[in-house]
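Fold and contact review
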Amino acid sequence: MYNLIFSLLIAALMIFSSETAALDPGSYENWNFDILDTGIEPTDPSIRIDSQGYPHIVYLREDRSTRSTSVTYAHYSGSGWEFSTVAEGDEIRYCYLALDNNDDPCIVFQTGSHPYTVSYAIKELASWYIDELVFSTMSGRLYAIDTGSEGNPHIVYFDVDWNMGEKDLHHLYFNGSIWVDEISWWYNSGAGCFGVSQTLTSQNEPHLAQYNYWTGYNDSFDPWIRLYHTERSGGNWAGENLGDYDGEQTDIALTAADLPRIVFQDNTELLFASFNGSTWQITHVDPSHEASKYCAIASDGSDTPPVAYHDSGNDDLRYAWSGESSWNTMLLDSDGDVGTDPDIAVDSNGNPFIIYNDVTNHQLKLAWFGDSTGVHSHEPLGVLNLSIQCAAPNPARNFLSITVSLAVQSEVSVSIFDLSGRLVTRTPISMCPEGVSELSVDITGLEHGVYFVLASDGQLSEAVEVTVLP
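Here the structure is a predicted model, which means the values were calculated and not measured. (Residues numbered from 1 in each chain as written. Predicted model: local features only at pLDDT ≥ 70, side-chain atom pairs only at ≥ 80, totals over all residues. Heavy atoms only, no water.)

This part covers the overall build of the protein. Assigned secondary structure in the protein consists of two helices and 36 strands. A buried classification covers 56% of the 470 residues belonging to the protein. In the protein, once contacts between residues fewer than 6 apart in sequence are set aside, the share between residues at least 24 apart is 49%. Here the protein displays about 19400 Å² of accessible surface, and carbon together with sulfur accounts for 47% of that area. (Helix = DSSP H or I, 4+ residues; strand = E, 2+ residues; numbered from the N terminus. Buried < 20%, exposed > 50% of the residue type's maximum accessible area, 1.4 Å probe, protein only. Contact = heavy atoms within 4.5 Å. Areas by Shrake-Rupley, 256 points an atom, 1.4 Å probe, with all protein chains shown as cover.)

The next point concerns the pairing of strand 10 (residues 139-147). Burial analysis of strand 10 places seven of its nine residues in the buried class, which makes it a mostly covered element. Sheet topology places strand 10 next to strand 11 (residues 153-161); eight bridges connect them, and they run antiparallel. Bridge pairing in strand 11 places arginine 141 opposite phenylalanine 158. Between strand 10 and the antiparallel strand that follows it, strand 11, lie five residues; glycine 151 among them carries a positive phi value of about 85°. (Pairing = 2+ DSSP bridges.)

Enumeration according to the criterion identifies 17 aromatic pairs in this entry. Measuring from ring centre to ring centre gives 5.3 Å for phenylalanine 194 and tyrosine 211, while their planes differ by 25°; the resulting arrangement is stacked. In this pair, phenylalanine 194 is assigned in strand 14 (residues 191-200) and tyrosine 211 in strand 15 (residues 206-214), connecting sequence segments 17 residues apart. Residue classification places tyrosine 211 among the buried residues on the basis of a relative accessible area of 0%. When the ring centre of tyrosine 94 is taken as reference, the NZ or CZ atom of arginine 141 above it lies at 3.7 Å. We note arginine 226 situated over the ring of tryptophan 224; from NZ or CZ to the ring centre the distance is 4.0 Å. (Phe/Tyr/Trp six-rings, centres within 6.5 Å; stacked < 30°, edge-to-face > 60°. Lys NZ or Arg CZ within 6 Å of the ring centre and 35° of its normal.)

Attention shifts here to the sheet that holds strand 22 (residues 295-297). Strands sit in the order 22-23-24-25 across an open sheet of four strands; the sheet is antiparallel. Two strands in the sheet have a free side with no partner beyond their single neighbour: strand 22 and strand 25 (327-333). Strand-to-strand twist of the sheet, defined as the mean angle between neighbouring strand axes without regard to direction, takes the value 25°. One ladder, built from three bridges, connects strand 22 with strand 23 (residues 307-311); its direction is antiparallel. When the sheet's bridge partners are listed, isoleucine 297 is paired in strand 23 with valine 307. (Axes fitted to C-alpha atoms, helices over the stretch in contact; angles between N-to-C directions.)

A word on the side chain of aspartate 358. The residue aspartate 358 is located in strand 27 (residues 352-358) in this model. Among residues more than four places away in sequence, those in contact with aspartate 358 are Asp335, Asp337, Val338, Gln363 and Lys365.

As a further point, take the sheet that holds strand 12 (residues 166-174). Strand order across the open sheet formed by four strands is 10-11-12-13, with antiparallel pairing between neighbours. What marks the edges here is a single partner per strand, and that holds for strand 10 and strand 13 (179-187). Across this sheet, the average inter-strand angle for adjacent strands is 20°, counted without regard to direction. Direction of pairing for strand 11 relative to strand 12: antiparallel, over a ladder of eight bridges. Each bridged residue has a counterpart across the sheet, and for histidine 154 the counterpart in strand 12 is tyrosine 173.

Taken as a whole and judged by the stated rule, the model has 16 salt bridges. Of the charged contacts, one joins aspartate 244 and arginine 226 as a salt bridge, the two residues approaching to 2.9 Å between their closest N and O atoms. Of the two residues, aspartate 244 sits in strand 17 (residues 236-244) while arginine 226 sits in strand 16 (residues 224-233), which places them 18 residues apart along the sequence. (Salt bridge = Lys/Arg side-chain N within 4 Å of Asp/Glu carboxyl O.)

This brings us to the pairing of strand 24 (residues 316-322). Burial within strand 24 is extensive, with six of its seven residues counted as buried. Relative to strand 24, strand 23 runs antiparallel, the two sharing five bridges. Within the sheet, the bridge partner assigned to valine 307 lies in strand 24 and is alanine 320. Taken together, strand 23 and the strand that follows it, strand 24, pair antiparallel across an intervening segment of four residues, in which aspartate 315 is found at a positive phi of about 60°. Across six bridges, the pairing between strand 24 and strand 25 is antiparallel. When the sheet's bridge partners are listed, alanine 320 is paired in strand 25 with threonine 329.

All right, on to the environment of leucine 97 then. Considering the arrangement of structural elements, one finds leucine 97 in strand 6 (residues 92-99). Look at leucine 97 and you get buried, because its relative accessible area is 0%. Sequence separation between leucine 97 and phenylalanine 109 is twelve residues, and the spatial gap between their C-alpha atoms is 9.0 Å. In contact with leucine 97, not counting residues within four places along its chain, are Ser46, Arg48, His56, Ile57, Val58, Pro105, Cys106, Ile107 and Ile145.

So, on to the nonpolar core. Ranked by internal contacts, the top residues of the largest apolar core, which has 22 residues, are Leu400, Ile402, Val414, Ile416, Val441, Ile443 and Val453. Those elements that provide at least two residues to this core are strand 29 (386-397), strand 30 (399-406), strand 31 (410-418), strand 34 (435-442), strand 35 (449-456) and strand 36 (461-468). Within the second largest apolar cluster, 17 residues are counted, among which are Ala296, Trp321, Tyr356 and Phe369. (Core = buried A, V, L, I, M, F, W, Y, C linked by side-chain atoms within 4.5 Å.)

The linkage connecting histidine 114 with the following residue, proline 115, adopts the cis geometry, with an omega of 0°. Within the secondary structure, proline 115 sits in the loop between strand 7 (105-112) and strand 8 (116-124). Positive phi outside glycine occurs at leucine 125, with the angle close to 55°. Note on placement: leucine 125 falls in the loop between strand 8 and strand 9 (127-136). The backbone of asparagine 398 sits at a positive phi, close to 75°, despite the residue not being glycine. Take asparagine 398: it is sitting in the loop between strand 29 and strand 30.

Quick look at the structure:
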């Protein structure tokens, strides 16, 4: 049996990170999937991992039934998930997360769009202290926050003065005593930027990736969109054009030597830009699948950091990591329209955590990689709600009966994955009473082979290995 004990066992599993680091991320039995929120509109979440290996998440939560909107912070405490409302209001647009040197959350969010404010939030005991950093009567767009080695926040936002035809990309940072707001890019009429991402060097200097554009204002030049890498060094900003690419999002990371790595799109192609100190190289991450809008890269210090992205052709979540000479790719979730606006972070051993949307089921999900074989499992606090008592017959043909035991009444779904980690079928959610229930799964369309059958109540899951006969 392959025990996939999820969120309540994260702490126990992360203790054994030395074994976890050697596991193959392409092997499904070491991937875990949690539902963190449900009944919400799609959001753009941010994730960071603290020094204990625990995930922290912030997202803009819009409830589908009440239409109330809030900035919501969630973190795993070691025994379970804890949620907190940072700010509420219908005009909140964007929010992003970083962690300081004490693993405390630093959150930035934007309210309104024209005019707009940029606010900074930190936790103070049981409440949040919120500082309004920017108030503009113009239009604007918040893009990123990061903290450097000194633990101070660095924020990136775009400000547009339509009356003057002036657009500025700002770097707003705290120097230890005051906030400093400087312009990293200035754009005139017809020009601008979007899809901006940020990371910081070991010397706390920001690197940005963005698409700069020209609309062909006054027909003086043909319109274009170009990928740019921008960096600050010694107080001076410099940008370089990496070529004409038509994408929507970028994400940037640095190697241990502070060399930039950028994941981005060109139409439906997912591309990776790497700098060796003198020249840039552009390569394809996954030529077999479309990735027209959403992508994220982890800041793990490696030459080829792992990538999470949305397969826009199939509406799936995919994961890519470096092989010896090319990228390895893997399907992680394909149940409906999933994987939009992913964000990815890694723990100190390089194990990835991916936060993403399940648009079909109106859920926020977390996929994380760790030791789920059960070899190192600790007994959880309290009683496990869900366990699989039996999967029969095994081997099976046409239909499979899954017997689950529940400590309390719960909604349960059953998913079947092949050995590559591809989801091949999933049952509708069933409301099961406390005690023992049997769930029937139609497997008539499955090819002969070995599969993992996973039962989940949305918080905990367990899986068994089943052989399907021809």
